[in-house]
Amino acid sequence: MSGLRSTFYGLNTANSGLFMAQRQLDVTGHNIANANVKGYSRQRYATAAVDPAYYGPQFASPERGKPGQGVQSLSLDQIRNVFLDQQFREQQTKTSYWETRSGTMYYVEDVFNSIDQNSLDGVLQSFFNSMQELSKNPFDEAVRTNMVSEAKRLTSIFNLYNDQLTTLMAQQNSNMVEEAKHTNDILHQIANLNDNILRFEMGGSIANDLRDKRNLLLDELSTMMDITYTNLPFDPPHYNMYGIEQTQLNIYAGRIAGDENLLLVSHKEYFELLIEEEEGFNDVMGDSELTEPFYRLYLASGVMLSPDEIEEYTGGILQSYMDLRDGDTSENIGIPYFIKELNRLVETLVTEFNSIHGAGYTMPYSNQTSSSGSVTGVDFFNAEGLTARTISLSEDILLSAFNIACSSETVTRDTDENLQTGNNENILALIKGIAERNDFDELGGSINTFYKTFLGTLASETSQANGTVASHEVLLTSIQAQRESVSGVDEDEEMTNMIRFQHAYNAAARCITTIDEMLDKLINSTGRVGL
Amino acid sequence: MSTRITSGMMVGNFNRNLGSANERMYRIQSQLATGRKNVRLSDDPVSVIKSLNARAQLSNISQYKKNLEDANAWLTQTETALSELNDLIKRTYELSVYAATDTLSSDDRDAIAKEINELRGQVGVLANTTLGDRYIFGGYNVTRAPFDLDPETGDMSYNGSSMIDGDIDWDKIGYEISFGSISESPDDDRLIAFDVSMTAGSAFGTEENNIYYTLSKMYDLLSSTSEKETFDLFSEVNNNTDADANTEISPYPQILLDAQSRVLAQLAETGGRIARIQMMGDRFANDEINYTQMQSDVEDLDQAEAIMWFSMAESVYRSALGVGGRILPPSLMDFLR
């Protein structure tokens, strides 16, 4: 005797296939719809056969082999590789550091980019040449005036460079503040999503689209700063309605997970970066003219966001802006380094020039506003202006070009003695002691070699930043390709699936039709003998 | 295991390749447009330094060439003045020899005296020779005539001091004509460079040997003596070096020969300096070619090569576009009913 079977058993089985095909088609549609959405990972139903319905103990059944009850969905999964995510984010942190650096160095390079008559080397050279001309015509007012105007060009180009560099420095500062605010925004959003994901997943399904959003935010956070994150069970544990233990996402600054002091996000709590004004920080440059205050970033625990206070902390846009704004040593080259180097050049030039110039004698003159005899001890540059920002000519030189001290002796105008008007010994001393001197201790050589080294450093620093970006981008692209390979939606594949699911739907529908015909036969045509 | 390649990856890859092909073309395009090999400093940090070197050298050379021209003008003017002075002394010598013959009439002597008077005036003109607006024999005094002639005493003063009294601080002007040509004098801490002027004394004579004074004395002797005294004056004519120059004309040919050899020595030295300037000029012309070549090697673009690279970049770009055009449009949808 055959075992009992429900009359409508097959109808349900076929029906589950029909519904499953429908839902799978829905997911295919969802995948295709989101094919170009940033951060979207393709989704798949995890399906499994439904076991046969057993009535009573197996062994009691006289029948061997019962069909299952159709198909069921276990979960709607997203296809994603967490290991690749982590690799991607670590690489992203490095890449974005160098990208930011390379971008800013481009502008620093722009300040000095031209090598021609109007760049510092050209202007210095013209200034030196104007001294040579003056050495041949020390009594000639036009030649003296020419040297003064060349000197003015020199001071104004230092002023200009300083201006452009400090503007760039202030820009890094405000960029950093903006990005820090944006980072806080990201932290806030991640904490919110953590909460929403838990609420959603307590019901047993996976919050795929929310997780995609959160992953995208984690990607973005990793461009801002160096982060590590953990997915550990809640304490006390949380279970969803199927009894599965849930995990919470914690994010830490730096590479060491688990340090409470470095917490950025702990499930639905987030700890904003504190943007605090740095007292006296403007004086780092010896330049109190900067109007905007400089800021530093602190974690909520009071730890400063910097490699000095966080072990192994590297990378990210925030750090890049900070390094560019603060770096003033040859090991940590930022914009202040270039300003300091210029200041070093200015200080040496001004003090050495003045000390030789002061030993000479000016030429007596009289004009409408003033008159003066031949005096010694006159400054050429303003002795107070020892930085690229403040370098200027002395008031005496601005008053009259005759105050350039060319002579080694008192110059006279109206006696019948040696007037010394052609005495060029002091201007020769300036040529020898400034333009041609090649052993300035403070500059490690001549003014020219110092500027050459300066530009060389700038060029190789920029070139290094560009090169590092390029190689980091290659790595990032490769990881991104792997990620895309795992998670990306492929239209052709979805089309193939669509056809597969469509056929499955059709076949399930045909099953139902067949069972319907069977039932029709059974109900309407069976037992009608003789009717 | 074969990698899963999605259409997104193909599009991304295509975009990246197209981007890098574009970037290559952009680079070569800006190279061609500027004519410079390196458009930005960071393109080649080493050549930045080389280029700065070459530029500094070229700028120095062009300045030194200007200095050489000016030094040359000064020395050429000096040479002219000195050779005129030489001619003047030669003429005076002839006159002194002529005057030393005892057959001269007093009219002849007067004529000689007059000519010598003219000549000594000419000495003043030569001593105050100018180049443009500057006096070339005044040492550091270039703006006021350095020599004053006093026909009464027969003396000439230099920068306000009597030549005969001596005690004159001679100075001369130096130019820088090449890198490092300024140095400290071993005697004192004065700076010396390439001399364009000379101490006036070395050409015009110092103290009582100054040429104006010599001529003045000759003039005095010839114009003031009577006929009888004239006979005494010329009595021991034949190269009598012991004769008293204050009373006799006979030592003057020798004195003038000495003066001439002084001037000739200065002429030779001036000529030597001019030759050195010409030599330096030649060297700078050579250096200029070398450094221009060096600068050009570092900075200038090889047009032909750049155009070749451009064509290559362009063909890469075109094939990237071509391949993209063929792999991007088809999708499974095109083959489904």
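The structure we're discussing is the one just above.
Nothing here was measured: the structure is a model prediction, and the numbers come from that model. (Residues numbered from 1 in each chain as written. Chains lettered and ligands numbered in written order. Predicted model: local features only at pLDDT ≥ 70, side-chain atom pairs only at ≥ 80, totals over all residues. Heavy atoms only, no water.)

### Describing unusual backbone geometry
Apart from glycine, the bulk of residues carry a negative phi angle, and the bulk of peptide bonds sit in the trans form. Residues and elements named next belong to chain A. A cis amide bond links Asp 235 with the next residue in sequence, Pro 236, at an omega value of 0°. Summarising the element assignment, Pro 236 is placed in the loop between β3 (227-233) and β4 (247-253). Its identity as a non-glycine residue notwithstanding, Gln 420 has a phi of 65°, on the positive side. Mapped onto the elements, Gln 420 comes out in the loop between α8 (395-399) and α9 (425-435). Under the relative-accessibility criterion, Gln 420 is labelled buried at 8%. (Helix = DSSP H or I, 4+ residues; strand = E, 2+ residues; numbered from the N terminus. Buried < 20%, exposed > 50% of the residue type's maximum accessible area, 1.4 Å probe, protein only.)

### What to know about the interface of chain A and chain B
Facing the 58 residues of chain A at the interface are 54 residues of chain B. With both sides pooled, the region where chain A packs onto chain B buries about 4900 Å², and carbon together with sulfur makes up 52% of that total. In this assembly, chain A and chain B are joined by 4 salt bridges. Where B:Arg4 meets A:Glu493, a salt bridge forms, and the shortest distance between an N and an O atom there is 2.7 Å. Applying the counting criterion to the chain A and chain B interface returns 32 residue pairs in polar contact (both at pLDDT 80 or more). Mapped onto the side of chain A that touches chain B, the elements with two or more residues apiece are α2 (82-112), α3 (120-136), α9, α10 (447-487) and α11 (491-525) of chain A. Take the side of chain A that touches chain B: its biggest share by element is 15 residues, from α10(A). Each residue belonging to the side of chain A that touches chain B can be placed in one class, and the counts come to 16 nonpolar, 23 polar and 19 charged. (Contact = heavy atoms within 4.5 Å. Buried area = accessible area lost by both parts, 1.4 Å probe. Salt bridge = Lys/Arg side-chain N within 4 Å of Asp/Glu carboxyl O. Polar contact = N/O pair within 3.5 Å; in protein donor to acceptor, adjacent residues only side chain to side chain. Nonpolar A, V, L, I, M, F, W, Y, C, P; charged D, E, K, R; others polar.)

### Focus: the side chain of B:Asn128
Positionally, B:Asn128 belongs in the loop between α3 (106-127) and β1 (130-131). Apart from residues lying up to four places away in sequence, B:Asn128 is in contact with B:Tyr135, B:Ala145, B:Pro146 and B:Phe147.

### Digging into the sheet that holds strand β5 (residues 161-162) of chain B
All names here are of chain B. In space, the 3 strands of this open sheet follow the order β3-β4-β5, with antiparallel pairing throughout. Of all strands in the sheet, those bounded by a partner on one side alone are β3 (147-150) and β5. Judged from the 2 bridges that link them, strand β4 (residues 155-158) and β5 form a sheet pairing that is antiparallel. Within the sheet, the bridge partner assigned to Ser 157 lies in β5 and is Ser 162. (Pairing = 2+ DSSP bridges.)

### Topic: a negative patch on the surface
Residue and element names in this part refer to chain B. A surface patch of like charges, here negative, comprises Glu 184, Asp 187, Asp 188 and Asp 189. Within the secondary structure layout, Asp 188 lies in the loop between β7 (183-184) and β8 (191-192). Asp 188 sits in the partly exposed class, given a relative accessible area of 38%. (Patch = residues over 30% accessible without salt bridge, like charges linked within 9 Å, V, L, I, M, F, W, Y side chains within 5 Å. Areas by Shrake-Rupley, 256 points an atom, 1.4 Å probe, with all protein chains shown as cover. Lys, Arg positive; Asp, Glu negative; His and termini not counted. Charge placed at Lys NZ, Arg CZ, Asp CG, Glu CD.)

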